[in-house]
Amino acid sequence: RKVVTMLQSMQKKVEEEGEKEKELYEKFMCYCKKGSGDLDASISGAGAKITSLGSEIEAAEQKKAQDEADLKQHSADREAAIKAMAEATAIREKEAA
């Protein structure tokens, strides 16, 4: 009688484990089916973003080059203005003397 009871409890345990495994398998398969679609959408979205970021980078590089050229020009203009002010000051001092 003990052996039969033990076998029945083992059978019940194995069936419960089988049900749990089946549920886990179904969850996994559902994830695999849904996950690949999500990944495909994510990949194509990232591809589009790469293209737009590439053009943004090019625009930023062009703006940087323009800003550097403007800075050089403004520095040269500033030096010329300082030189002109020094010359004007020297002329005024000469006239005042």
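Check the entry above for the structure.
Quick caveat: nothing in here was measured; it's all calculated off a predicted structure.

S.K.: Just checking my understanding: could you explain the overall build of the protein for this structure?
M.R.: Along the backbone of the protein there are one helix and zero strands. C-alpha atoms of the protein, sized along the principal axes, occupy 130 × 30 × 10 Å. Working note: accessible area of the protein is about 9,300 Å², and carbon and sulfur atoms make up 60% of it. One finds the centroid of the 17 positive side-chain charges in the protein at a distance of 10 Å from the centroid of its 20 negative side-chain charges.

S.K.: When you look at a negative patch on the surface in this model, what are you seeing that I'm missing?
M.R.: Taken together, the side chains of Glu15, Glu16, Glu17, Glu19, Glu21, Glu23 and Glu26 define an acidic patch exposed on the protein surface. Its location among the elements puts Glu17 in helix H1 (residues 2-96).

S.K.: Where do I start with a nonpolar patch on the surface in this structure?
M.R.: A contiguous nonpolar patch, built from Val3, Met6, Leu7 and Met10 and spanning about 400 Å² of accessible area, is present on the exposed surface. Tracing the sequence through the fold places Met10 in helix H1. Overall, Met10 belongs to the partly exposed group, its relative accessible area being 46%.

S.K.: So what exactly am I meant to see when it comes to the pattern of salt bridges here?
M.R.: Side chains carrying opposite charge are able to pair once their charged atoms draw close together. Scanning the model with the defined rule gives two salt bridges in all. Close ionic contact of Lys63 with Asp67 constitutes a salt bridge, the shortest N to O distance being 3.2 Å. Of this pair, Lys63 and Asp67 both sit in helix H1, four residues apart, roughly one helical turn. On the basis of relative accessibility, which here comes to 53%, the residue Lys63 falls in the exposed class. Since its relative accessible area comes to 38%, Asp67 is described here as partly exposed. The salt bridge partner of Lys64 is Glu68, with a shortest N-O separation of 3.5 Å. Note that Lys64 and Glu68 are positioned in helix H1 at a spacing of four residues, about one turn of the helix.

S.K.: Sorry, what's going on with the environment of Gly47 here?
M.R.: Position of Gly47 relative to the elements: it lies in helix H1. Separated by 46 residues in sequence, Gly47 and Glu93 have C-alpha atoms that sit 69 Å apart.

S.K.: Honestly, the environment of Lys2 in this entry has me stumped. Any pointers?
M.R.: Summarising the element assignment, Lys2 is placed in helix H1. Accessibility expressed as a relative area gives 75% for Lys2, which makes it exposed. A sequence separation of 19 residues divides Lys2 from Glu21, and the C-alpha atoms of the two residues are 28 Å apart.

Rules of the game
- For every chain, the first residue of its written sequence is number 1, and the numbers climb from 1 along that sequence.
- Whole-chain, interface and lining totals are the exception, using all residues; otherwise, since this is a predicted model, local features are given only for residues with pLDDT of at least 70 and side-chain atom pairs are given and counted only at 80 or more.
- Heavy atoms throughout the structure, all of them, feed into the side-chain values; hydrogens and water do not.
- Numbering of helices and strands runs from the N terminus, with a helix taken as a DSSP run of H or I at least four residues long and a strand as a DSSP run of E at least two residues long.
- Per-residue and other accessible areas follow the Shrake-Rupley method at a 1.4 Å probe size, with only the shown protein chains counted as cover for residues.
- Charged residues are defined narrowly, with Lys and Arg counted positive, Asp and Glu counted negative, and His plus the chain ends left uncounted.
- Charge placement uses NZ in Lys and CZ in Arg. For Asp and Glu, CG and CD serve respectively.
- A residue counts toward a patch only above 30% relative accessible area and without a salt bridge, and it is joined to like-charged neighbours within 9 Å or, for Val, Leu, Ile, Met, Phe, Trp and Tyr, to nonpolar neighbours within 5 Å.
- A carboxyl oxygen of Asp or Glu within 4 Å of a side-chain nitrogen of Lys or Arg is what we treat as a salt bridge.
- Note on exposure labels: buried denotes an accessible area under 20% of the residue type's maximum, exposed denotes more than 50%, and partly exposed covers the range between, all computed with a 1.4 Å probe on protein chains only.

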